[in-house]
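# Descriptive analysis of the structure
Residues per chain are reported as follows:
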Amino acid sequence: MDTPKPSLLHLGELSIAIVDDDPLVCEMVGGFFADKARFAQVLTFQDAKSAFGPLARRHVDVALIDLYLQGDSGLHCIRRLAKNRNAGLIIAYTSSEEPKMIERALQEGAHGYVLKSEKLPVLLDKVQRAMSGEPALSAAVAKTLIGRLVSQGPNRARLDQLTSQENRVLALTADGLACKAVAEKLGLSVNTVYLYNKRILKKLGVATRLAAVQLFREAQAASASAE
């Protein structure tokens, strides 16, 4: 994932947005970045709805977003901001250490994942590292991601070559659907599903759909056991 690099690396010229429904978090973190880290501008929002409009219209160098917000989810907020050309660094700032939440946040477009249990100077260090192009990950988060990659093994790496649509075709095939049923489910022609299957076999390096399904199921089982 490419990390956008702010054009101004001096803290006194940067802006940061904090999206969190806990007023105390907004006050403490916002105050720290304004006073101690000397960010030129600190914006705080207590829900995704009030945050997205202002953040979509203007550039903010860093956005810290909680994943558990009242109303719209933090994941949805991250996804929408990541698609906006004004978005700078987007970092999930949350208390959740759930592997699925970590992966979802990064898949939706977050450039980092920092736990609220970190001390504020550590959070600042993660932000500064992210601005230099390094991953902004808490140590516990990095350990979780590495553990999942190891446990999932080479099958997961092979499956990661597939596009989202190819993954859907393979998942439905693994559920026992024939090509015609897969086509109807996805609103595709049968010939298109056949073409997807050929691509899937080539990318996975297997000769039959049965082998592809077996590989898919093994990767799913490994992922489930790692949670």
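So, how was this worked out
Residues numbered from 1 in each chain as written. Predicted model: local features only at pLDDT ≥ 70, side-chain atom pairs only at ≥ 80, totals over all residues. Heavy atoms only, no water. Helix = DSSP H or I, 4+ residues; strand = E, 2+ residues; numbered from the N terminus. Buried < 20%, exposed > 50% of the residue type's maximum accessible area, 1.4 Å probe, protein only. Contact = heavy atoms within 4.5 Å. Areas by Shrake-Rupley, 256 points an atom, 1.4 Å probe, with all protein chains shown as cover. pLDDT = per-residue confidence, 0-100. Pairing = 2+ DSSP bridges. Axes fitted to C-alpha atoms, helices over the stretch in contact; angles between N-to-C directions. Parallel < 35°, antiparallel > 145°, perpendicular 65-115°, else oblique. Nonpolar A, V, L, I, M, F, W, Y, C, P; charged D, E, K, R; others polar. Expected span 1.5 Å × (residues − 1). Arc of directions from axis to C-beta.

## Comments concerning the overall build of the protein chain
Along the backbone of the protein chain there are ten helices and six strands. With 227 residues in all, the protein chain has 44% of them scored as buried. When contacts within the protein chain are restricted to residue pairs at least 6 apart in sequence, long-range pairs at least 24 apart make up 67% of them. Carbon together with sulfur atoms contributes 52% to the accessible area of the protein chain, which is approximately 12000 Å² in total.

## Examining the confidence of the model for the protein chain
Of all residues in the protein chain, 87% have pLDDT values of 70 or greater, and the mean over the chain is 84. For the protein chain, per-element mean pLDDT is lowest for helix H6 (residues 139-159), which scores 69, and highest for strand S5 (residues 112-115), which scores 94. Confidence drops under pLDDT 50 across residues 1-9; counting only partners more than four residues distant or on other chains, this segment forms 20 contacts.

## Here's the deal with the sheet that holds S5
Read from one edge of the open sheet, six strands run S2-S1-S3-S4-S5-S6, paired in parallel fashion. One side of each edge strand has no neighbouring strand; the edge strands of this open sheet are strand S2 (41-45) and strand S6 (136-137). As paired elements, S5 and S6 share two bridges and run parallel to each other. Residue pairing across strands places Tyr113 opposite Leu137, the latter belonging to S6.

## Concerning the packing of helix H3 (residues 74-82) against helix H4 (residues 99-108)
Each packed pair of helices is defined by two parameters, the angle between the axes and the distance between the axes. Put simply, H3 and H4 touch, their axes get as near as 8 Å, and they point 20 degrees apart. On the basis of the axis angle, H3 is roughly parallel to H4. Only Met101, Arg104, Ala105 and Glu108 of H4 make contact with H3, whose side of the interface consists of Leu75, Ile78, Arg79 and Ala82. By residue class, the composition of the contact of H3 with H4 is five nonpolar, no polar and three charged.

## Digging into helix H7 (residues 164-174)
When we look at burial in H7, the residues that qualify are Gln165, Glu166, Val169, Leu170, Leu172, Thr173 and Ala174. Gly176 sits one or two positions beyond H7 and adopts a positive phi of about 100 degrees.

## Observations concerning helix H5 (residues 120-131)
Helix length check: H5, at twelve residues, gives a terminal C-alpha distance of 17 Å against a target of 16 Å (1.5 Å per residue), a fit within 8%. When H5 is considered as a whole, its buried residues turn out to be Leu123, Leu124, Lys126, Val127, Ala130 and Met131. The buried side chains of H5 occupy one side of the element, clustering within an arc of 160 degrees when seen end-on. On its buried face, H5 is in contact with helix H1 (23-35), strand S3 (60-65), strand S4 (87-94), S5 and S6. Just beyond H5, the residue with positive phi is Gly133, at close to 95 degrees.

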